[in-house]
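Breakdown of the fold
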Amino acid sequence: MNAKFTISYDGTCFQGSQTQPNGLSVEDSIQKVFKQLNINTKITLSGRTDKDVHATGQVFNCKIPSYWENLQKLKDVLNRHLPSSIKIKDIKIVKNDFHSRFHAKKRVYRYLVSKKETSVFNSKYISHIKKFDEEKIKKAIKLFEGVHDFEYFHKKGSDKDNTVREVYEAEFYKYRDIYVFKFCANSYLRSQIRLMVGFLIKVGEGKLLIEDLKAQLDKKKHIFRIPASPYGLYLTKVYY
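Thresholds applied
Residues numbered from 1 in each chain as written. Predicted model: local features only at pLDDT ≥ 70, side-chain atom pairs only at ≥ 80, totals over all residues. Heavy atoms only, no water. Axes fitted to C-alpha atoms, helices over the stretch in contact; angles between N-to-C directions. Helix = DSSP H or I, 4+ residues; strand = E, 2+ residues; numbered from the N terminus. Parallel < 35°, antiparallel > 145°, perpendicular 65-115°, else oblique. Left-handed = near helix turned anticlockwise from the far one by under 90°. Contact = heavy atoms within 4.5 Å. Nonpolar A, V, L, I, M, F, W, Y, C, P; charged D, E, K, R; others polar. Phe/Tyr/Trp six-rings, centres within 6.5 Å; stacked < 30°, edge-to-face > 60°. Buried < 20%, exposed > 50% of the residue type's maximum accessible area, 1.4 Å probe, protein only. Lys NZ or Arg CZ within 6 Å of the ring centre and 35° of its normal. Polar contact = N/O pair within 3.5 Å; in protein donor to acceptor, adjacent residues only side chain to side chain.

**Brief notes about the packing of helix 3 (residues 134-141) against helix 4 (residues 192-204)**
The interhelical angle for the contact between helix 3 and helix 4, taken along N-to-C directions, is 140°, at an axis separation of 8 Å. Classified by the angle between their axes, helix 3 and helix 4 sit oblique to one another. Crossing handedness for the pair helix 3 and helix 4: right-handed. Where helix 3 approaches helix 4, its residues Lys136, Ile137, Ala140 and Ile141 are matched on the opposing element by Leu200, Val203 and Gly204. For the contact of helix 3 with helix 4, the class distribution of residues is five nonpolar, one polar and one charged.

**A few points about the packing of aromatic side chains**
All chains considered together, the criterion is met by 17 aromatic pairs. A centroid spacing of 5.8 Å and a plane angle of 10° characterise the contact between Phe172 and Tyr179, whose relative ring orientation is stacked. The same class applies to Phe172 as to Tyr179, namely buried. In this structure, Lys106 is placed above the aromatic ring of Tyr168, and the distance from its NZ or CZ to the ring centre is 5.3 Å. If you follow Lys115 out to its NZ or CZ, it ends over the ring of Phe132, 4.6 Å from the centre.

**Concerning the environment of Thr19**
Structurally, Thr19 can be placed in the loop between strand 1 (2-9) and helix 1 (26-36). Non-local contacts of Thr19, meaning those with residues more than four positions away in its chain, are made with Ser25, Glu27 and Asp28. A polar contact of 2.5 Å, which involves the side chain of Thr19, links it to the side chain of Asp28.

Structural data, given as structure tokens:
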């Protein structure tokens, strides 16, 4: 049976989502538990998240034995064996040809920021930015919507030859005392979101102009290439 799993995890506990030589990844942790349960399978994640990046809606698929037809029981057993930093939220049986990465249509990320100083309890989950102009960011973030070549907004060394991506939605809003950068796109380049957020924060702080952002997005010149901290970034939903 081909099963689709939706999971959440605390990225600060791992060296990223994809398998690592030291075994300290989300994928490695899940594969280890599968092996303990005699489920000999290989999981396929919808996409990679870097070290310290969190997820509330990551997806993977894999083949599971037919005797695990009780999906609620499988979910409960996995959650008992997995580290507390990973949680299986949902399991569904899908078509045999379903592929969590190649069949994904949209991926949504959110980046959380607070003007309030963070504490030891939330500093790895929310980024603290002391002062910024909300309206400038709301205006600037809309420049990312549409089809663009994000060559100047991705980390060098990425294994992507094609740097063109389509951003369906880019918005900035406040939820209680948290400010949220939201991006919905077909896919992303390595560190693309953190580089976009990093630039937007500088615009909000008045250290860069919206015109600077447009110039870099149009690939006229490199202006700012320092990514925002990974701590506030979450993969929140994958659409199929």
